[in-house]
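Examination of the molecular architecture
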2 protein chains.
Amino acid sequence: MSAACDTDNLSINLATVREQWDFAGAVDGCLAAGIHAISPWRDQIEKIGLSNAARIVESNGMRVTGLCRGGMFPASDAAGLKSAYDDNRRAVDEAAALGADCLVLVVGGLPEGSRDLPGTREMVAEGIATLLPYARANGVPLAIEPLHPMYAADRACVNTLSQALDICDVCGEGIGVAIDVYHVWWDPELDAQIARAGAKGQILAHHICDWLVPTRDLLLDRGMMGDGVIDLKRIRRLIEEAGYHGPQEVEIFSQSNWWKKPGELVLSTCIDRYRTHC
Amino acid sequence: MSAACDTDNLSINLATVREQWDFAGAVDGCLAAGIHAISPWRDQIEKIGLSNAARIVESNGMRVTGLCRGGMFPASDAAGLKSAYDDNRRAVDEAAALGADCLVLVVGGLPEGSRDLPGTREMVAEGIATLLPYARANGVPLAIEPLHPMYAADRACVNTLSQALDICDVCGEGIGVAIDVYHVWWDPELDAQIARAGAKGQILAHHICDWLVPTRDLLLDRGMMGDGVIDLKRIRRLIEEAGYHGPQEVEIFSQSNWWKKPGELVLSTCIDRYRTHC
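The structure reproduced in this document is the subject of the present report.

**Looking at the layout of surface pockets**
Residues and elements named next belong to chain B.
- Size it by volume and the largest pocket reaches roughly 750 Å³.
- Thr160, Asp187, Pro188, Glu189 and Leu190 are the residues nearest the centre of the largest pocket, which is lined by 39 residues in total.
- By residue number, the principal contributor to the lining of the largest pocket is helix 6 (residues 161-171), which donates 6 residues.

**Quick word on the pattern of salt bridges**
Residues and elements named next belong to chain B.
- One pass over the full model with this rule turns up 28 salt bridges over all chains.
- Among the salt bridges present, the one from Arg42 reaches Glu94, with a minimum N-O distance of 2.9 Å. Of this pair, Arg42 sits in helix 2 (residues 42-48) while Glu94 sits in helix 4 (residues 78-98), placing them 52 residues apart in sequence.
- Of the charged contacts, one joins Asp180 and Arg222 as a salt bridge, the two residues approaching to 3.3 Å between their closest N and O atoms. Taken together, the positions of Asp180 in strand 7 (residues 175-180) and Arg222 in the loop between strand 8 (203-208) and helix 9 (232-241) put the pair 42 residues apart, joining distant regions of the chain. Grouping residues by exposure puts Asp180 and Arg222 together as buried.

**Examining the side chain of Arg42 of chain B**
- What makes Arg42 of chain B buried here is its relative accessible area of 14%.
- Setting aside chain neighbours within four positions, we find Arg42 of chain B in contact with Leu67, Cys68, Arg69, Asp87, Arg90, Ala91 and Glu94 of chain B.

**What about the packing of aromatic side chains?**
All names here are of chain A.
- Taken as a whole and assessed by the stated rule, the structure comprises 9 aromatic pairs over all chains.
- When the ring of Trp41 is compared with that of Phe253, the centres are 5.9 Å apart and the planes differ by 70 degrees; the resulting orientation is edge-to-face. Taken together, the positions of Trp41 in the loop between strand 2 (37-39) and helix 2 (42-48) and Phe253 in the loop between strand 9 (248-250) and helix 10 (263-277) put the pair 212 residues apart, joining distant regions of the chain. Comparing Trp41 with Phe253, the two get one shared label, buried.
- Here the aromatic rings of Phe253 and Trp259 are separated by 6.3 Å at their centres, their planes lie at 45 degrees, and the arrangement is tilted.

**Focus on the relation of the copies chain A and chain B**
- Rotating chain A by 180 degrees about the axis while translating it 0.0 Å along that axis superimposes it on chain B, leaving an RMSD of 0.0 Å. Viewed as a symmetry operation, the transformation between the two copies matches a two-fold axis.
- Most of the interface of chain A is mirrored in chain B, where 100% of its interface residues again form contacts.

**With respect to the interface of chain A and chain B**
- Facing 32 residues of chain A, the contacting portion of chain B comprises 32 residues.
- Of the roughly 2,400 Å² buried between chain A and chain B on both sides combined, carbon and sulfur atoms contribute 67%.
- Seen at the junction of chain A and chain B, the total is 0 salt bridges.
- At the junction of chain A with chain B, the criterion picks out 6 residue pairs in polar contact (both at pLDDT 80 or more).
- With 3 residues, helix 5 (residues 117-137) of chain A is the single largest residue contributor to the side of chain A that touches chain B.
- In the side of chain A that touches chain B, the residues fall into 15 nonpolar, 9 polar and 8 charged.

**Details of the pairing of strand 7 of chain B**
Residues and elements named next belong to chain B.
- Taken across its 6 residues, strand 7 has 6 buried, putting it largely inside the fold.
- Looking at chain direction, strand 6 (residues 142-144) and strand 7 are connected through 3 bridges and run parallel. When the sheet's bridge partners are listed, Ile144 is paired in strand 7 with Val177.
- In the classification by handedness, the crossover that spans strand 6, the intervening helix 6 and the parallel strand 7 is right-handed.
- With 4 bridges joining them, strand 7 and strand 8 adopt parallel strand pairing. Residue pairing in the sheet places Ala178 in a bridge with Ala205 of strand 8.

**Some thoughts on the sheet that holds strand 5 (residues 103-106) of chain B**
Residues and elements named next belong to chain B.
- Taken together, 9 strands build an open sheet; the order of strands is 3-2-1-9-8-7-6-5-4 and the sheet is parallel. Strand pairing shows two members of the sheet lacking a second neighbour, strand 3 (63-64) and strand 4 (67-71), which therefore form its edges.
- Here strand 2 (residues 37-39) pairs with strand 3 via 2 bridges, running parallel. The residue bridging Ala37 from the neighbouring strand is Arg63, located in strand 3.

**Some details on the pairing of strand 1 (residues 10-13) of chain B**
Residue and element names in this part refer to chain B.
- Of the two faces of strand 1, both are covered, the one formed by Leu10 and Ile12 as well as the one formed by Ser11 and Asn13.
- Alignment of strand 1 against strand 9 (residues 248-250), held across 3 bridges, turns out to be parallel. Bridge pairing links Ile12 to Val250 in strand 9.
- Two elements, strand 1 and strand 2, share 2 bridges in a ladder whose sense is parallel. Residue pairing for strand 2: Ile12 is matched across the bridge by Ile38.
- Once the chain exits strand 1 it traverses helix 1 (residues 23-32) before rejoining the sheet at strand 2, and the crossover so formed is right-handed.

**Here we look at the environment of Gly198 of chain A**
Residues and elements named next belong to chain A.
- On the secondary structure map, Gly198 appears in helix 8 (residues 190-199).
- Sequence separation of Gly198 and Gly176 is 22 residues, and the distance between their C-alpha atoms is 9.6 Å.
- Dropping the residues within four chain positions of it, Gly198 is found in contact with Ile203 and Ala242.

**Quick look at unusual backbone geometry**
Residues and elements named next belong to chain A.
- Cis peptide bonds are those with omega within 30 degrees of zero, and the linkage from Val213 to Pro214 qualifies with -5 degrees.
- By secondary structure assignment, the location of Pro214 is in the loop between strand 8 (203-208) and helix 9 (232-241).
- With a phi angle near 50 degrees, Met72 is a residue other than glycine that sits in the positive phi range.
- Tracing the chain through its elements places Met72 in the loop between strand 4 (67-71) and helix 4 (78-98).

**Considering helix 6 (residues 161-171) of chain A**
Residue and element names in this part refer to chain A.
- Burial within helix 6 is extensive, with 8 of its 11 residues counted as buried.
- Among all positions in helix 6, only Leu161, Ser162, Gln163, Ala164, Leu165, Ile167, Cys168 and Cys171 are buried.
- On the buried face of helix 6, the contacting elements are helix 5, strand 6 (142-144), strand 7 (175-180), helix 7 (181-184) and helix 8.
- Just downstream of helix 6, Gly172 is the residue with a positive phi angle, here 90 degrees.

Definitions and cut-offs
- Residues numbered from 1 in each chain as written.
- Chains lettered and ligands numbered in written order.
- Predicted model: local features only at pLDDT ≥ 70, side-chain atom pairs only at ≥ 80, totals over all residues.
- Heavy atoms only, no water.
- 1 Å grid on protein atoms, 1.4 Å probe; cavity = no way out; pocket = protein on both sides within 12 Å on 5 of 7 lines; lining within 4 Å.
- Points joined across faces, edges and corners; volume = space filled by probe spheres on them.
- Helix = DSSP H or I, 4+ residues; strand = E, 2+ residues; numbered from the N terminus.
- Salt bridge = Lys/Arg side-chain N within 4 Å of Asp/Glu carboxyl O.
- Buried < 20%, exposed > 50% of the residue type's maximum accessible area, 1.4 Å probe, protein only.
- Contact = heavy atoms within 4.5 Å.
- Phe/Tyr/Trp six-rings, centres within 6.5 Å; stacked < 30°, edge-to-face > 60°.
- Least-squares fit on C-alpha atoms with pLDDT ≥ 70 in both.
- Buried area = accessible area lost by both parts, 1.4 Å probe.
- Polar contact = N/O pair within 3.5 Å; in protein donor to acceptor, adjacent residues only side chain to side chain.
- Nonpolar A, V, L, I, M, F, W, Y, C, P; charged D, E, K, R; others polar.
- Pairing = 2+ DSSP bridges.
- Right-handed = clockwise from strand over helix to strand, strands pointing away.

What follows is the structure in structure tokens.
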């Protein structure tokens with residue numbers, strides 16, 4: 001088996017097993033399964049404490065392929081914008097402490113009561129530009145994650161790779177994109193935009209899961225690789241041809257299915273499907 | 001009250017009241033509310049019979065702003081493709097008999113078992129090109145309706161105005177787009193693509209409803225204008241600036257709310273919200 005097919009290049013986003021394990025339990029579970037890369041969420045880190053989490057990462061030689069998440073920049077007033085900025089600085093600090101490959105940015109949607117999508121997008125671009133110097137100073141690359149257009153209102157108003165890369169182009173060094181197949185698989189410009197990102201070394205993460213038919217919930221019904229309709233191998237090829245050969249990170253929110261199964265079974269299925277479908 | 005604010009330019013897509021009324025009942029309901037434009041679905045026409053439906057339309061002087069729907073071109077074998085083509089010819093016949101402004105095309109998603117999105121999109125482009133001469137010969141403009149990316153797998157793999165207009169550009173005369181705010185409001189290229197469509201006279205329909213936060217169902221949880229986050233007036237302005245001054249057509253699929261209310265209340269609410277929010 002080639003290295004590219006083994007679990008060396010597989011990471012588990014800990015949202016995938018958030019109902020089964022806390023941070024320490026998830027790390028143990030991954031290690032037992034032969035997985036040495038993870039991407040935790042900030043609430044998982046907060047529960048155990050940042051220094052404890054960093055110690056567990058270091059002592060076990062885990063790679064942290066990303067910290068989820070910074071972002072949520074838009075707000076309806078100056079106090080809200082300031083609060084978001086402060087929180088994002090803390091997220092950078094945490095990513096640095098964990099030695100994360102990047103801080104994933106879910107940029108945020110419309111402020112309460114707003115219908116101004118273009119204005120909200122400007123707020124996001126400004127928020128990112130303001131945060132970037134602090135991230136650079138702390139050695140933490142920022143990874144803008146374009147989210148599926150069905151989240152434009154309430155989670156992220158950056159909804160295509162093209163849009164994210166336009167922001168990166170304005171910002172310069174220290175920023176790129178997290179490409180999650182769930183969010184971008186439908187994009188008619190996918191091939192061109194992946195190539196564009198790769199040409200500038202802006203692919204910082206590659207998240208995988210699958211799009212189920214039917215999808216029963218907008219947020220919590222993601223599929224395991226192979227159970228849906230995304231051509232994962234094709235997207236992986238595009239990403240590799242664009243020059244990114246880093247980990248594929250499994251990120252599955254699945255309230256009625258995978259979150260209800262034993263963590264060990266989830267991880268062994270991730271490994272199987274990674275080998276056969278990714 | 002200016003003409004642009006009155007119901008002269010309001011159309012009701014009959015899916016909006018499909019649980020309350022059959023075709024004849026819906027026409028009566030619209031007339032009673034002072035609405036003289038409708039857009040029926042083919043199953044509604046089939047139930048009453050095409051000639052009966054056409055007689056009702058004509059005798060009441062109703063404008064038919066579109067027939068929903070043709071499309072669903074992709075198939076996994078030649079027989080399926082032929083069947084889709086035959087059905088689309090019938091849809092053109094029905095649109096012609098009703099004097100509809102256009103036949104709305106919901107182009108279809110991945111064939112059963114397929115993950116080949118680029119190939120499916122080619123199938124759609126071919127299907128449209130094959131149908132177009134028949135539509136032209138019958139005087140029925142085809143209106144490609146780009147659907148929200150969350151329907152890319154199972155309903156329509158044409159997911160942006162840009163994509164639809166690229167198909168139109170290849171096809172030439174007799175084809176344009178139906179712009180439904182629900183499907184396109186998130187699009188970062190919205191302004192430019194509406195202008196592009198208008199410059200060539202390719203805006204054939206303008207559908208309205210709203211995007212609810214939260215959205216509880218991918219298909220059947222559309223909102224009444226004003227209850228969600230879409231900046232309807234802004235999009236209307238873009239469409240008018242692009243040269244389209246035709247009807248705004250209300251199309252709301254709402255299983256747990258509007259489909260449960262009396263048809264008269266739904267229509268009076270449509271009129272109120274059209275006047276205040278659109």
